[in-house]
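Tertiary structure, described
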Amino acid sequence: MTTNTENQGGGSLDILKWGLVVILLAAAVIGNSMYSEVSVLYRAIAIVVAFAVAAFIALQTEKGKTGFAFAKESRLEIRKVVWPTRQEALNTTFIVLAATGVLALVLWGLDALLVRIVNFITGV
């Protein structure tokens, strides 16, 4: 039995990068609440910059690279999807609503029947 192992050379550096990402995001959240007297525009700009820097650092890690590649592939797959037209979506919605209504009536009738059976058996 053989085991394939991947090279984990950048593992400790990746941990440091992820730590820096967490610190940046925490600083953005905490800084936003601490500097509430500062203009909302400046705080929003600071948060966007902090998130952009954190995303850039995260993309330098192995998990970040694979996550970004996955997002690109997902976007490509979504472009291949044939989305239903508005009329098809409405028709499907009405079919689901009708089926739900019929099933609700069947369950209501079954419940009423079972209540009568239990009342007959127990004499209540």
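Note that the structure is predicted; figures quoted are calculated from it, not measured. (Residues numbered from 1 in each chain as written. Predicted model: local features only at pLDDT ≥ 70, side-chain atom pairs only at ≥ 80, totals over all residues. Heavy atoms only, no water.)

1. As for the overall build of the chain
If you tally the helices and strands in the chain, you get four helices and zero strands. Each helix (α) and strand (β) of the chain, taken in turn from the N terminus, gives the series α-α-α-α. Judged by the C-alpha coordinates and their principal axes, the chain covers about 75 × 60 × 45 Å. In the chain, buried positions account for 9% of the 124 residues. The contacts of the chain with a sequence gap of at least 6 include a subset with a gap of at least 24, amounting to 67%. Accessible area of the chain: about 10800 Å², with a carbon and sulfur share of 71%. Between the averaged position of the 10 positive side-chain charges in the chain and that of its 8 negative side-chain charges there is a distance of 6 Å. (Helix = DSSP H or I, 4+ residues; strand = E, 2+ residues; numbered from the N terminus. Buried < 20%, exposed > 50% of the residue type's maximum accessible area, 1.4 Å probe, protein only. Contact = heavy atoms within 4.5 Å. Areas by Shrake-Rupley, 256 points an atom, 1.4 Å probe, with all protein chains shown as cover. Lys, Arg positive; Asp, Glu negative; His and termini not counted. Charge placed at Lys NZ, Arg CZ, Asp CG, Glu CD.)

2. Some points on the side chain of Arg43
Mapped onto the secondary structure, Arg43 falls in helix H2 (residues 40–58). For the buried residue Arg43, which engages in no salt bridge, the nearest side chain bearing the opposite charge is Glu37, 7.8 Å off. A polar side-chain atom of Arg43 sits 3.2 Å from the main-chain carbonyl oxygen of Asn32. Setting aside chain neighbours within four positions, we find Arg43 in contact with Asn32, Tyr35, Ser36 and Val38. (Salt bridge = Lys/Arg side-chain N within 4 Å of Asp/Glu carboxyl O. Polar contact = N/O pair within 3.5 Å; in protein donor to acceptor, adjacent residues only side chain to side chain.)

3. Details of the environment of Val22
With respect to the element layout, Val22 can be found in helix H1 (residues 11–34). Along the backbone, Val22 and Asn119 are 97 residues apart, and their C-alpha atoms lie at a distance of 62 Å.

4. Points about H2
In this model, H2 (19 residues) spans 26 Å end to end at C-alpha, consistent with the 27 Å of a helix rising 1.5 Å per residue. Elements in contact with the buried residues of H2: H1 and helix H3 (62–80). (Expected span 1.5 Å × (residues − 1).)

5. Focus on the side chain of Thr61
Relative to the elements of secondary structure, Thr61 occurs in the loop between H2 and H3. Classification of Thr61 as buried rests on a relative accessible area of 0%. Among the polar contacts listed, one links the side chain of Thr61 to the backbone oxygen of Ala58, at a separation of 2.7 Å. Once residues within four sequence positions are removed from consideration, Thr61 is found in contact with Asp14, Lys17 and Trp18.

6. Regarding H1
Because an α-helix packs 3.6 residues into every turn, residues spaced three or four apart end up facing the same way. Taking 1.5 Å per residue, 24 residues should reach 34 Å; H1 reaches 34 Å between its end C-alpha atoms and fits that length. Buried residues of H1: Asp14, Val21, Ala28 and Gly31, and no others.

7. Description of the confidence of the model for the chain
When pLDDT is averaged along the chain, the result is 91; 92% of the residues meet or exceed 70. Between the elements of the chain, mean pLDDT differs from a low of 93, seen in H1, to a high of 97, seen in helix H4 (residues 86–122). (pLDDT = per-residue confidence, 0-100.)

8. Topic: a nonpolar patch on the surface
Judged by side-chain polarity, Val29, Ile30, Met34, Tyr35, Val38, Leu41, Tyr42, Ile45, Val49 and Val53 come together as a nonpolar surface patch covering roughly 990 Å² of accessible area. Those elements that place two or more of their residues in the nonpolar patch are H1 and H2. Note that Tyr35 resides in the loop between H1 and H2. (Patch = residues over 30% accessible without salt bridge, like charges linked within 9 Å, V, L, I, M, F, W, Y side chains within 5 Å.)

9. Quick notes on the environment of Glu88
Structurally, Glu88 is set in helix H4. Placed 30 residues apart in sequence, Glu88 and Val118 show a C-alpha to C-alpha distance of 45 Å. Within the structure, Glu88 has its side chain in polar contact with the backbone nitrogen of Thr85 (distance 2.9 Å).

10. Brief notes about the packing of H1 against H2
For the pair H1 and H2, interaxial distance at closest approach is 9 Å and the crossing angle is 170°. By the angle between their axes, H1 is roughly antiparallel relative to H2. In contact with Lys17, Trp18, Leu20, Val21, Leu24, Leu25, Ala28 and Asn32 of H1, H2 contributes Arg43, Ile47, Ala50, Phe51, Val53, Ala54, Ile57 and Ala58. Its residues assigned to classes, the contact of H1 with H2 shows 13 nonpolar, one polar and two charged. (Axes fitted to C-alpha atoms, helices over the stretch in contact; angles between N-to-C directions. Parallel < 35°, antiparallel > 145°, perpendicular 65-115°, else oblique. Nonpolar A, V, L, I, M, F, W, Y, C, P; charged D, E, K, R; others polar.)

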